[in-house]
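Here is what each chain is made of, one letter per residue.
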Amino acid sequence: MPAPIHDLVIRNGTVATASDVFRADVAVRKGVISAIGMALPPGREEIDARGKLVLPGGIDSHTHIEQLSAGGIMNADTFETATAAAAFGGTTTVISFAAQHKGMSLRKVVDDYAALAERGAMIDYAFHMIVSDPTEATLTKDLPALIAEGHSSIKLFMTYDKLKVEDETLLDVLSVARENRALVCVHAENHGMIAWMSRKLLAAGQTAPKYHAVSHPRGSETEAFTRLITAAAMVDQPIMIFHVSTAEGAAIVGDARRQGLKVFAETCPQYLFLTAADLDRPGLEGAKWMCSPPPRDRSDQEALWQALALGDLQTVSSDHAPYRYDASGKLSGGPGSTFKQIANGLPGLETRMPLMFDAMVSRRRPEFSGRALQAFVNITATQPAHIYNLAGKGSIAIGYDADIAIWDPKARVTLTDELMVGRSGYTPFAGRTVRGWPETVLSRGRVVVRDRTVSGRAGGGRHIARAGGWAAEPARR
Ligand code: DUC
Ligand code: ZN
Ligand code: ZN
């Protein structure tokens with residue numbers, strides 16, 4: 001009997017890609033998908049996937065891991081715990097941030113985050129470089145060199161006192177990105193409107209977490225989107241607008257795309273499943289639902305689903321930014337904290353995929369009727385792989401990395417704080433029951449979750465060096 005040619009065969013499952021759903025066996029050899037077919041020869045190991053879905057592992061393209069906030073507060077997760085949480089929820093690649101603060105060398109920042117991830121990550125990863133101190137050295141030396149080394153996306157903030165860039169600097173970074181072929185991702189909110197609203201609310205004694213939502217007027221999103229898109233068009237530089245939260249914001253993105261501008265955009269589960277009312281809780285409890293931009297209302301949720309179905313929004317990321325509900329995180333300002341003193345961000349790495357699967361596939365959101373599974377794969381894995389140029393990721397295809405999640409579409413799981421693997425100690429989605437769960441997850445052919453138990457090894461993930469690719473290529477209009 002000759003030795004098996006495949007290391008692993010996943011047998012009898014239903015495979016889905018962004019375009020097709022079909023019954024097939026999937027074989028893995030040396031970490032990549034080596035065959036897809038009927039009745040494949042035995043592998044050294046076999047997984048029976050009868051009644052299960054064999055899907056590409058999710059790609060979460062916006063996650064804050066082991067990151068120090070501008071306010072000096074450390075995220076609750078390390079690369080080890082964040083990537084364990086990701087894998088538990090069916091995600092096999094994360095893009096997190098190398099976050100420059102004022103006075104820091106971008107080169108050193110990237111090296112430091114790379115060392116943390118190399119030690120801790122259980123799954124593959126890449127970085128967006130946050131630029132908050134665009135000095136001459138950053139713009140002319142570090143950025144071009146780091147982009148050429150495979151860090152081909154930059155993140156800018158238009159708000160937050162210590163992070164924001166003004167219009168002139170925004171244009172500087174956009175044009176450096178254009179020259180060097182990097183995608184520029186932006187947190188786009190109007191800083192002045194938020195600062196003014198916050199000052200008025202605090203002066204009126206309206207300090208509770210629910211006022212955080214009031215302090216980010218809808219117009220702060222639309223104004224910043226319009227200004228950003230205008231600046232990007234002026235220098236012909238592709239952009240990715242992060243965490244779209246309003247119907248008007250999604251419409252502005254859609255209009256820009258229909259003018260032929262290279263504008264990409266994402267939303268997040270917090271804008272599809274939560275509303276501003278979630279922040280309205282006794283005492284400081286609403287802090288657990290505080291993120292920026294804030295969740296809006298039901299009509300925004302509907303508009304965002306429609307924008308996803310139309311392709312105006314292409315991806316759903318978690319914007320995982322976990323802080324514990326204690327003095328190390330959300331309550332670091334003490335029990336009398338105003339909404340301005342509370343760290344912004346929600347944990348979401350492990351719930352993103354199950355929430356999206358439940359809404360799109362199990363509960364059959366009408367926008368995706370007839371193609372729900374393909375649309376789910378597209379939004380959570382394939383499109384992020386294309387936009388961020390993650391070669392060999394985001395699909396089930398021969399030669400692709402064997403990043404695979406085997407889902408039980410019938411499993412019913414109630415999301416609870418206790419179920420969470422991440423370190424924030426809670427989930428903002430607690431109490432929801434989802435149908436469909438990724439029972440077994442492979443990262444480049446290694447089982448990192450078996451029967452809902454994380455079995456990955458810290459340091460088992462690899463950095464994925466990325467050139468800018470198609471999305472970062474100027475439109476040349
Ligand atoms: N807002 C951000 O801008 N970043 C992290 C999390 C958040 O809520
Ligand atoms: Zn942001
Ligand atoms: Zn973010």
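This write-up is about the structure you can find in this document. These numbers were taken from a predicted model, which means no experiment stands behind them. (Residues numbered from 1 in each chain as written. Chains lettered and ligands numbered in written order. Predicted model: local features only at pLDDT ≥ 70, side-chain atom pairs only at ≥ 80, totals over all residues. Heavy atoms only, no water.)

**Observations regarding the site of ligand 1**
Thought 1: Every residue lining ligand 1 is accounted for by H64, F157, Y160, H187, C291, S292, D319, A321, N344 and G345.
Thought 2: A distance of 2.8 Å separates an oxygen atom of ligand 1 from a polar side-chain atom of H187.
Thought 3: Within the backbone of G345, one N or O atom sits 3.4 Å away from an oxygen atom of ligand 1.
Thought 4: In the complex, 94% of the free accessible area of ligand 1, which totals 240 Å², lies under the protein chains.
Thought 5: Across the shell around ligand 1, the residue classes break down as four nonpolar, five polar and one charged. (Near = heavy atom within 4 Å. Polar contact = N/O pair within 3.5 Å; in protein donor to acceptor, adjacent residues only side chain to side chain. Areas by Shrake-Rupley, 256 points an atom, 1.4 Å probe, with all protein chains shown as cover. Nonpolar A, V, L, I, M, F, W, Y, C, P; charged D, E, K, R; others polar.)

**Focus: the coordination of the zinc ion (ligand 3)**
Thought 1: Note on the zinc ion (ligand 3): its protein donors are H62 (NE2), H64 (NE2) and D319 (OD). The metal-donor distances range over 2.0 to 2.1 Å.
Thought 2: Taken in chain order, the donor set of the zinc ion (ligand 3) reads H-x1-H-x254-D.
Thought 3: Between the two metals, the zinc ion (ligand 3) and the zinc ion (ligand 2), the spacing is 3.5 Å. With H64 in the loop between β6 (58-60) and α1 (79-88) and D319 in the loop between β13 (315-316) and α11 (352-362), the pair connects residues that are 255 residues apart, well separated along the chain. Side by side, H64 and D319 carry an identical accessibility label, which is buried. (Donors = N, O, S within 2.8 Å, 3.2 Å for Na, K, Ca; no water. Helix = DSSP H or I, 4+ residues; strand = E, 2+ residues; numbered from the N terminus. Buried < 20%, exposed > 50% of the residue type's maximum accessible area, 1.4 Å probe, protein only.)

**Describing the sheet that holds strand β8 (residues 124-130)**
Thought 1: In spatial order, the strands read β6-β7-β8-β9-β10-β11-β12-β13; together these eight strands make up an open sheet with parallel pairing. Looking at which strands have only one partner, the edges of the open sheet turn out to be β6 and β13.
Thought 2: Running over the sheet, α1 touches β7 (91-99) and β8 and is turned about 145° from β7.
Thought 3: Against the sheet, helix α8 (residues 247-258) contacts β11 (239-241) and β12 (263-267), and its axis sits at roughly 155° relative to β12. (Pairing = 2+ DSSP bridges. Contact = heavy atoms within 4.5 Å. Axes fitted to C-alpha atoms, helices over the stretch in contact; angles between N-to-C directions.)

**A look at the packing of helix α3 (residues 136-148) against helix α4 (residues 167-180)**
Thought 1: Two elements in contact, α3 and α4, have axes separated by 10 Å at closest approach and are oriented at 45°. Put simply, α3 runs oblique to α4. Of the two possible hands of crossing, α3 and α4 adopt the one that is right-handed. Residues L139, L143, P144 and I147 of α3 form the contact with α4, whose own contacting residues are D172, V173, V176 and N180.
Thought 2: Grouping the constituent residues of the contact of α3 with α4 by class yields six nonpolar, one polar and one charged. (Parallel < 35°, antiparallel > 145°, perpendicular 65-115°, else oblique. Left-handed = near helix turned anticlockwise from the far one by under 90°.)

**Considerations on unusual backbone geometry**
Thought 1: With an omega of -10°, the peptide bond running from S292 to P293 counts as cis.
Thought 2: Locating P293 in the fold gives a position in the loop between α9 (269-273) and α10 (298-310).
Thought 3: If you check the backbone angles, K30 has positive phi at about 50° while not being a glycine.
Thought 4: Turning to its location among the elements, K30 is positioned in the loop between β2 (21-29) and β3 (32-37).
Thought 5: Within the chain, R181 stands out as a residue other than glycine whose phi angle is a positive 65°.

**Considering helix α5 (residues 191-203)**
Thought 1: Between its first and last C-alpha, α5 extends 18 Å over 13 residues, near the 18 Å set by a 1.5 Å rise per residue.
Thought 2: Along its buried surface, α5 packs onto α6 (210-215) and α7 (218-235).
Thought 3: You can read the cap of α5 off the contacts: a side-chain oxygen lies 2.9 Å from the backbone nitrogen of G192, and it is on N190. (Expected span 1.5 Å × (residues − 1).)

**Concerning the coordination of the zinc ion (ligand 2)**
Thought 1: Only H187 (ND1) and H243 (NE2) from the protein coordinate the zinc ion (ligand 2), and they sit 2.1 Å from it.
Thought 2: Judged by relative accessible area, H187 falls into the buried class, the value being 2%.

**Observations regarding the packing of aromatic side chains**
Thought 1: Across all of its chains, the model carries 12 aromatic pairs by this definition.
Thought 2: Pairing Y125 with F127 gives two aromatic rings, centres 5.8 Å apart and planes at 65°, and the pair type is edge-to-face.
Thought 3: With a centroid separation of 4.6 Å and an interplanar angle of 15°, the aromatic rings of F357 and W407 are classed as stacked. Of this pair, F357 sits in helix α11 while W407 sits in strand β14 (residues 404-414), placing them 50 residues apart in sequence. Exposure class is identical for F357 and W407. Each is buried.
Thought 4: Through pairs of rings, three or more aromatic residues link up here, namely F79, Y125 and F127.
Thought 5: Against the face of W289 rests R281, its NZ or CZ located 3.6 Å from the ring centre.
Thought 6: Here the guanidinium or amino end of K288 rests over the ring plane of Y325, the centre of that ring lying 5.0 Å away. (Phe/Tyr/Trp six-rings, centres within 6.5 Å; stacked < 30°, edge-to-face > 60°. Lys NZ or Arg CZ within 6 Å of the ring centre and 35° of its normal.)

**Quick word on the environment of M104**
Thought 1: Tracing the backbone shows M104 in the loop between β7 and α2 (106-120).
Thought 2: A relative accessible area of 36% means that M104 is categorised as partly exposed.
Thought 3: Considered as a pair, M104 and R218 are 114 residues apart in the sequence and their alpha carbons are 33 Å apart.

**Some remarks on the packing of α2 against α3**
Thought 1: The geometry of α2 relative to α3 is characterised by a closest axis approach of 9 Å and an angle of 30° between their N-to-C directions. On the basis of their axis angle, the class for α2 and α3 is roughly parallel. Contact residues: α2 offers L106, R107 and V110, while α3 offers T138, D142, L143, A145 and L146.

**Re the pattern of salt bridges**
Thought 1: Using the criterion set out here, one finds 30 salt bridges in the structure.
Thought 2: R107 is the partner of D111 in a salt bridge, and the nearest nitrogen-oxygen pair spans 4.0 Å. Taken together, the positions of D111 and R107, both in helix α2 and four residues apart, correspond to about one turn of that helix.
Thought 3: D111 sits in the partly exposed class, given a relative accessible area of 41%.
Thought 4: Classification of R107 as partly exposed rests on a relative accessible area of 25%.
Thought 5: Across the pair R476 and E473 runs a salt bridge, and its minimum N-O distance is 3.7 Å.
Thought 6: Residue classification places R476 among the exposed positions, given a relative accessible area of 52%.
Thought 7: Given a relative accessible area of 31%, E473 falls into the partly exposed group.
Thought 8: In this structure, a network of salt bridges that share partners links the residues D124, K393, D401, D403 and R444. (Salt bridge = Lys/Arg side-chain N within 4 Å of Asp/Glu carboxyl O.)

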